[in-house]
Each structure stands twice: as C-alpha cells, then as structure tokens.
Amino acid sequence: QIDSSPFMSVDKPHGIVWSETGFIVGLGDDGDRLNLVNPRTETVELFAASFKGGDETHMAASQGPTFPKGNIYANKGDTIFDVSEDGDTVRKFAVPSPGVNIAGLAFDIYKYWNYRLIATTYDGSVWEIDETGHIEHIANLGSDVVPSGLLIAPSDYGEFSGSILVSLANENKIMAISVIDHS
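Residues numbered from 1 in each chain as written. Predicted model: local features only at pLDDT ≥ 70, side-chain atom pairs only at ≥ 80, totals over all residues. Heavy atoms only, no water.

Visitor: Honestly, the packing of aromatic side chains in this entry has me stumped. Any pointers?
Guide: Two numbers describe a pair of aromatic rings. These are the distance of the centres and the angle of the planes. Counted under the stated rule, the structure contains 8 aromatic pairs. Centroid distance Trp 18 to Phe 23: 4.8 Å. Interplanar angle 70°. Geometry classified as edge-to-face. Residue Trp 18 is classed as partly exposed on the basis of its relative accessible area, which comes to 39%. Classification of Phe 23 by relative accessible area gives partly exposed; the value is 25%. Ring pairing ties together the aromatic residues Phe 67, Tyr 73, Phe 93 and Phe 107, which thus form one cluster. (Phe/Tyr/Trp six-rings, centres within 6.5 Å; stacked < 30°, edge-to-face > 60°. Buried < 20%, exposed > 50% of the residue type's maximum accessible area, 1.4 Å probe, protein only.)

Visitor: Is there a simple way to think about the sheet that holds strand S5 (residues 59-61) in this case?
Guide: Strands belonging to one sheet form pairs held by backbone hydrogen bonds; the direction of such a pair is parallel or antiparallel. In spatial order, the strands read S5-S6-S7-S8; together these 4 strands make up an open sheet with antiparallel pairing. Edge positions in the open sheet fall to S5 and strand S8 (90-94), since each of these has one partner strand only. Taking the axes of each pair of neighbouring strands and ignoring which way they run, one obtains an average angle of 30° across the sheet. Where strand S6 (residues 72-76) lies against strand S7 (residues 79-83), 5 bridges are found, and the strand directions are antiparallel. Its bridge partner being in S7, Ile 72 is matched across the sheet by Val 83. (Pairing = 2+ DSSP bridges. Helix = DSSP H or I, 4+ residues; strand = E, 2+ residues; numbered from the N terminus. Axes fitted to C-alpha atoms, helices over the stretch in contact; angles between N-to-C directions.)

Visitor: How do you make sense of a negative patch on the surface when you look at a structure like this?
Guide: Taken together, Glu 20, Glu 85, Asp 86 and Asp 88 make up a surface patch of like negative charges. Counting through the fold element by element, Glu 85 comes out in the loop between S7 and S8. (Patch = residues over 30% accessible without salt bridge, like charges linked within 9 Å, V, L, I, M, F, W, Y side chains within 5 Å. Areas by Shrake-Rupley, 256 points an atom, 1.4 Å probe, with all protein chains shown as cover. Salt bridge = Lys/Arg side-chain N within 4 Å of Asp/Glu carboxyl O. Lys, Arg positive; Asp, Glu negative; His and termini not counted. Charge placed at Lys NZ, Arg CZ, Asp CG, Glu CD.)

Visitor: What is the right way to look at the sheet that holds strand S9 (residues 102-107) in this model?
Guide: Here 4 strands make up an open sheet; going across it, the order is S9-S10-S11-S12 and the pairing antiparallel. The sheet is open, and its two edges are formed by S9 and strand S12 (135-140), each paired on a single side. Here the strands of the sheet are splayed against their neighbours by 25° on average, with no regard to which way each runs. Bridge count for S9 against strand S10 (residues 117-121) is 5 bridges, and the pairing is antiparallel. Across the sheet, residue Ala 106 finds its bridge partner in S10, namely Ile 118.

Visitor: Quick question: what am I supposed to make of the environment of Phe 23 here?
Guide: Considering the arrangement of structural elements, one finds Phe 23 in strand S2 (residues 22-27). Spatially, the C-alpha atoms of Phe 23 and Phe 81 are 18 Å apart, while their sequence positions differ by 58 residues.

Visitor: Got a minute to help me understand the nonpolar core in this structure?
Guide: Of all hydrophobic cores here, the largest spans 14 residues; its most connected members are Trp 113, Ile 118, Val 126, Leu 141, Ile 164, Val 166 and Ile 177. At the level of secondary structure, the elements contributing two or more residues to this core comprise S12, strand S13 (147-152) and strand S14 (164-168). (Core = buried A, V, L, I, M, F, W, Y, C linked by side-chain atoms within 4.5 Å.)

The structure is reproduced here in structure tokens:
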C-alpha cells in the first residue's frame, strides 16, 4: 500500500535523485534550483547555489567508480553540468546534441556500459558519456519521439539485461538498446 501522507512539503518539485546526505530535488518554475531535502533533519536547503536549471532539469547521482562518487549531474537545456557532492562546485560537463534539450540522464551502475553516464535528447538520440566528458552517439530512436524515462536494465531482466531502456511517451512503448550491438 502506498502512504499518501506528505513526506516533505516542497514548492513545485521537478526531478528527484538520492545523494549520500538526502534527496536532491529540482524546485521552482522560473528555472529549477537544486535543493537538498534531508530526511533525518526534515529540512530543505538550497544546494549548488550557482546552478540554475531550465524549464526541465534531469539529474543523475554518480555511484562511482569512474565518476566522482556522490556528484550530481544535472542539465540546463542541452548542457549537462557536474555538481560536486557538497554542491560548492558546478562545472559545464558535456553537450551531447547542441541546441537539443536533454530528455533524461542515468548512470550505468552495473558496468554494462563501462559505468558511463547515459543521456537521451529530444531529437531521439541516446548518448554515452565517459568521466572526461567524451560523448559517443549510440542510437537514434527516431526524430519524432518523446523520451520520457531512462534506465539501464540490471542482470535479472533476462534477455534485456544490460540494455538501455527508454520509454517513449508519444509512442506508448519502451525501446531497448542492446549493449551487444546497440540495436
């Protein structure tokens, strides 16, 4: 059963990811600000004060081992930023498809894709990005699709283990990109 009582009250949440100290939540509609929601102290405080996202901010938290453990990767439009674990340092990290907004971010925590950051963009492209910011285009799902969800399938997903799974909102389907042949 789902507990529908409010866990924490925040204004206009958009996106959520777990960090070592709590949840990082994008808040606001004038350009997302990242906030740390600490469940132990039941507080909400500004995180990464120098970062201001856009209308739609996607986030992924690094678990290591090749990316800095605990860093948050978040986008503003077409650009992915690397936010240090403490939120004090924000740097431009990668632009997979210049002029095309990021649609999703996820880390490969299983090593199928060499622990890389996986990104989808609204032109239907899927990208893998290494810890240096080197970008590789791995698939195109079509120019008129709307990627809405992204994950790397764990080992218990049978024939889909290791595949990048992308849900397409306007197609009512989920696409699988094979780690073997990227099809």
